[in-house]
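Listed below are the residues making up each chain.
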Amino acid sequence: QVQLVESGGGVVQAGGSLRLSCPASGRTFSTYTMGWFRQAPGKEREFVAGIRWTGGTTYYADSVRGRFTLSRDNAKNTVYLQMNSLKPEDTAVYYCAARRGTIATMTSEYEYWGQGTQVTVSS
């Protein structure tokens, strides 16, 4: 059974940083893409960033490009989302997700999801 468990959320002031972690278990993820999504109150869940487990190719939403960075630790089967220069509009529940194949930006294209971690950025 695939498990994704996000952690690292919290409350931070604008301009600050947080690092989210997503350890993955339950299968071999070498052919998978790991994605991060977020959902703010009253809004739809939106794509933030994705990384191919093999090769490390990344892709970012325009809203976070240059501020957020994805990385992975193969030995720990963990993906990290480093978030810098945070803005109040980054406030949301952040979700880790996994899918077979290339990076995709639609929620419907991801098979597995974590429970989410809250990120709150105060102004």
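Structure shown above.
Quick caveat: nothing in here was measured; it's all calculated off a predicted structure. (Residues numbered from 1 in each chain as written. Predicted model: local features only at pLDDT ≥ 70, side-chain atom pairs only at ≥ 80, totals over all residues. Heavy atoms only, no water.)

## Observations regarding the packing of aromatic side chains
Under the counting rule described, the total for this entry stands at 9 aromatic pairs. Members of the aromatic cluster, joined through ring pairs, are Phe 37, Phe 47, Tyr 59, Tyr 95, Tyr 110 and Trp 113. The ring of Trp 113 is capped by Arg 45, whose NZ or CZ atom sits 4.9 Å from the centre of that ring. Across from the ring centre of Tyr 110, 5.9 Å away, lies the NZ or CZ of Arg 99, which sits over that ring. (Phe/Tyr/Trp six-rings, centres within 6.5 Å; stacked < 30°, edge-to-face > 60°. Lys NZ or Arg CZ within 6 Å of the ring centre and 35° of its normal.)

## Quick word on the pairing of strand β7 (residues 68–73)
Relative to strand β8 (residues 78–83), β7 runs antiparallel, the two being bridged by 6 bridges. Its bridge partner being in β8, Arg 72 is matched across the sheet by Val 79. Where β7 folds back onto β8 in an antiparallel hairpin, the turn is made up of 4 residues, including Asn 77, whose phi is positive at roughly 55 degrees. (Pairing = 2+ DSSP bridges. Helix = DSSP H or I, 4+ residues; strand = E, 2+ residues; numbered from the N terminus.)

## Observations regarding the sheet that holds strand β3 (residues 18–25)
The 4 strands are arranged β1-β3-β8-β7 in an open sheet whose pairing can be described as antiparallel. In this open sheet, the two edge strands, each paired with only one partner strand, are β1 (3–4) and β7. Where β3 meets β8, 6 bridges bridge the pair, whose relative direction is antiparallel. From the neighbouring strand, Leu 18 faces β8, where its bridge partner is Met 83.

## Section: the nonpolar core
The biggest cluster of nonpolar side chains holds 35 residues, and the ones touching the most others in it are Met 34, Trp 36, Leu 81, Met 83 and Tyr 94. Among the elements of the structure, β3, β4 (32–39), β5 (46–52), β7, β8, β9 (92–100) and β11 (117–122) are those that each provide at least two residues to this core. (Core = buried A, V, L, I, M, F, W, Y, C linked by side-chain atoms within 4.5 Å. Buried < 20%, exposed > 50% of the residue type's maximum accessible area, 1.4 Å probe, protein only.)

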